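Single-letter residue listing:
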Amino acid sequence: MIENQLLDSAILHSIFDSTSEGILVTDKDGRVLQANNAAALILGIKAKDLEQQLLGDLLPQHGKKILSRLLKNEDNKFKTQLLQTKIGLQDVEIKIIDHKNEKCILLLRDVLLNKYKQSTIHVRNMALEATSNGIVIADARSPDLPIVYCNSGLVKMTGYSKEEILNRNCRFLQADDRDQKEIKIIKTAVQNGRACRVVFRNYRKDGTLFWNELNITPVYNEAQELCYFIGVQNDVTAAKQEEQNKDRIRDILEIITKAYPIEEIGQEILNVIKENLESSIPAIRFLDQGKTKWLLSKNNSIAQDAMHSMVNLVLDNYGIKSSKEGKHRLKEEIIEDVFNIKAQNELKGLAQSLNVKGYWSYPIYSSEKELLGNLIVFHKQTVKPQTFENIFLADMIKLISIALDNHRNNTELQRSKKKLIQQAKELEERVRERTSEVTSTIQKLVEVNLSLEDQIKETKEAENKAIQSRAMLSAIAQNLPKGALVVFNSDYEIVYVEGEELKHINLVKEEVEGKTIDEIPFFSDHQI
């Protein structure tokens, strides 16, 4: 019993010291028995100086009269009075809550201060409601941390009404996507009453994903007891998508440099576009070696033939023919509602059958400002590109341009390579034929050379025989007494003469050899 009384006394004393309202306890004569800090602040006198002082002595004459009337008045409602205090005239609300048992308790409120506080609270509430960030306050003293406050920013961010948000734990925004490391970080921070910051996946009421940057701050009271958690939430989906897109663009550039097929590269680009633009159906049309080709997303609800027709009708409506590609400097065309423009009836009819409301068409140029093709993004709703979409699509168009440029260069390179291979084969064939000819010629030369060697050998042998014969004849002629030896061939050409009698018949060896018999007078008919 005594312990409970002491506890109650401690609680009352805590309230007495911490309340913003001034409290004065006086005796029946108006002597201050007890005063809190708030009362001292209103009266402009320190709390310790108030005790044992007559309240009437502490106030100017005008203040004494007002206080005297109030003490005699049994009405316990707050009365607003212009009270003259040590710090000047003030609007003070005064209420007597007990004037029995020889004691009197007075409550004092500074009207100006109270209005300021109310105004401050109102301004803060307006600021909380006006901010685009989602703000929640969860009760840390309840087991499941229910939300006791949320602002309009959270309503707009999530699509849930305040009634659907209040008294629930924030985890409902995670849907079934609970296997995130950031959730464990939040849980640990809450269990330990600490602040934390995470970026993780949340889901709107319609089921669409958004990236939530959540800052949690614990709130403690003066007794260092954890009372609330304040959560400030910021939708960072655009920034997160931009970060992810940079990684995707880097990956796509890598497969472009590795000369992947243009169809595979195109699918990657179209997938990135679909992921960033909700309910969009992107398509790419381009010229490849004089032929029109399409790159279409595999994951869309429109058949390829219908998409081909739709793309052609869109570009024809814009005044672009396949044969004129590369000759016009075109700009983008944003059609929010195809049914509100001057277009072919065929285009409108096909758009209606495919449930297409509008489209965005962008030309794709090479690094040399040559028109390579077009990117067309169809929409099933009437939408206009915002800043993020414009920046994102500009990056995608550059990426497509690089891919098509690289594809064209690789195609030309492959064509040149095939041509070089063909030329190399033809050159190799000609070299083979020429080599065969040269080999044949060499063979013939070898054969001729061998024949010539045989002839030379035979000639040498004949010469040797002739030399031997000449030597023999010379020996015979020299041994003939007083005679001469004349040798001639079948044509009567003298081939050899020798002998001592040549001078007697007027024949000179050097003059007659090689001549016919008829050319030598000695052998004329009358002498033979």
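Residues numbered from 1 in each chain as written. Predicted model: local features only at pLDDT ≥ 70, side-chain atom pairs only at ≥ 80, totals over all residues. Heavy atoms only, no water.

This brings us to the packing of aromatic side chains. By the definition in use, this model includes 2 aromatic pairs. For the ring pair Tyr 160 and Phe 172, a centre distance of 5.1 Å and an interplane angle of 85° mean the geometry is edge-to-face. One end of the pair, Tyr 160, is in the loop between helix H7 (152–158) and helix H8 (162–165); the other, Phe 172, is in the loop between H8 and helix H9 (181–191), and 12 residues separate them in sequence. Phe 172 sits in the buried class, given a relative accessible area of 14%. Here the guanidinium or amino end of Arg 168 rests over the ring plane of Phe 172, the centre of that ring lying 4.1 Å away. (Phe/Tyr/Trp six-rings, centres within 6.5 Å; stacked < 30°, edge-to-face > 60°. Helix = DSSP H or I, 4+ residues; strand = E, 2+ residues; numbered from the N terminus. Buried < 20%, exposed > 50% of the residue type's maximum accessible area, 1.4 Å probe, protein only. Lys NZ or Arg CZ within 6 Å of the ring centre and 35° of its normal.)

Here we come to the nonpolar core. Core analysis: the biggest nonpolar cluster contains 28 residues, and Ile 269, Ile 284, Leu 375, Leu 393 and Met 396 have the highest contact counts within it. Only helix H10 (237–257), helix H11 (262–276), strand E11 (280–288), strand E14 (358–365), strand E15 (371–379) and helix H14 (387–479) provide two or more residues apiece to this core. Per-element tally for this core: the top contributor is H14, with 8 residues. When neighbours within four sequence positions are excluded, Leu 375 is seen to be in contact with Ile 273, Ala 283, Ile 284, Trp 360, Ser 361, Tyr 362, Ile 364, Leu 393, Ile 397 and Ile 400. Residues Val 338, Leu 350, Tyr 359 and Ile 376 belong to the second largest nonpolar core, which totals 20 residues. (Core = buried A, V, L, I, M, F, W, Y, C linked by side-chain atoms within 4.5 Å. Contact = heavy atoms within 4.5 Å.)

Within the secondary structure, Ser 361 is located in strand E14. With relative accessibility at 2%, the residue Ser 361 sits in the buried group. Separated by 16 residues in the primary sequence, Ser 361 and Val 377 place their C-alpha atoms 6.5 Å from one another. When sequence neighbours within four positions are dropped, the list of residues in contact with Ser 361 reads Leu 315, Glu 332, Glu 333, Asn 374, Leu 375 and Ile 376.

On the basis of which strands lie adjacent, the open sheet formed by 5 strands has the order E7-E6-E10-E9-E8 and antiparallel pairing. Edge positions in the sheet fall to strand E7 (147–150) and strand E8 (196–203), since each has one partner strand and no second. The sheet shows a mean angle of 25° between the axes of neighbouring strands, direction not considered. Pairing of strand E9 (residues 209–220) with strand E10 (residues 226–235) involves 9 bridges; the strand directions are antiparallel. Looking across to E10, one finds that Leu 214 is bridged to Gln 233. Running over the sheet, H9 touches E8, E9 and E10 and is turned about 130° from E8. (Pairing = 2+ DSSP bridges. Axes fitted to C-alpha atoms, helices over the stretch in contact; angles between N-to-C directions.)

A word on a negative patch on the surface. Taken together, the side chains of Glu 453, Asp 454, Glu 458 and Glu 461 define an acidic patch exposed on the protein surface. With respect to the helices, strands and loops of the structure, Glu 453 is situated in helix H14. For Glu 453, a relative accessible area of 44% translates into the label partly exposed. (Patch = residues over 30% accessible without salt bridge, like charges linked within 9 Å, V, L, I, M, F, W, Y side chains within 5 Å. Areas by Shrake-Rupley, 256 points an atom, 1.4 Å probe, with all protein chains shown as cover. Salt bridge = Lys/Arg side-chain N within 4 Å of Asp/Glu carboxyl O. Lys, Arg positive; Asp, Glu negative; His and termini not counted. Charge placed at Lys NZ, Arg CZ, Asp CG, Glu CD.)

Restricting attention to buried positions, one finds in H9 the residues Glu 182, Ile 183, Ile 186 and Ala 189. Each buried residue of H9 lies within a common arc of 125° when the element is viewed along its axis, so the set occupies one face. In H9, the exposed positions that point more than 90 degrees away from the buried face belong to Lys 181, Lys 184, Lys 187 and Gln 191. Looking at the packing, one finds that the buried side of H9 touches E8 and E9. (Arc of directions from axis to C-beta.)

On to a nonpolar patch on the surface. The grouping of Val 438, Ile 442, Val 446 and Leu 450 at the surface amounts to a nonpolar patch, some 310 Å² of accessible area in total. Secondary-structure assignment places Val 438 in helix H14.

Moving on to the packing of H10 against H11. Orientation of H10 relative to H11, taken along the N-to-C sense of each, is 175°, at an axis distance of 10 Å. Taken together, the axis directions place H10 and H11 in an arrangement best described as roughly antiparallel. Touching Gln 241, Asn 245, Arg 248, Ile 252, Ile 255 and Ile 256 of H10 are Ile 265, Glu 268, Ile 269, Asn 271, Val 272, Glu 275 and Asn 276, all from H11. (Parallel < 35°, antiparallel > 145°, perpendicular 65-115°, else oblique.)

Side chains bearing opposite charge may pair, as long as their charged atoms lie close to each other. Taken as a whole and judged by the stated rule, the model has 17 salt bridges. Arg 408 serves as the salt-bridge partner of Asp 405, at 3.2 Å between the closest nitrogen and oxygen. Highlighted residues: Asp 405 and Arg 408, both in helix H14, separated by 3 residues, approximately one helical turn. One continuous salt-bridge network, built from bridges that share partners, spans Arg 248, Glu 268 and Glu 275.

Looking now at the side chain of Ser 366. As for its position among the elements, Ser 366 is in the loop between E14 and E15. Residue Ser 366 is classed as buried on the basis of its relative accessible area, which comes to 5%.

Along an α-helix, residues three or four apart share an orientation, since each turn contains 3.6 residues. Between its first and last C-alpha, H11 extends 21 Å over 15 residues, near the 21 Å set by a 1.5 Å rise per residue. Within H11, burial applies to Ile 262, Ile 265, Gly 266, Gln 267, Ile 269, Leu 270, Val 272, Ile 273 and Asn 276. (Expected span 1.5 Å × (residues − 1).)

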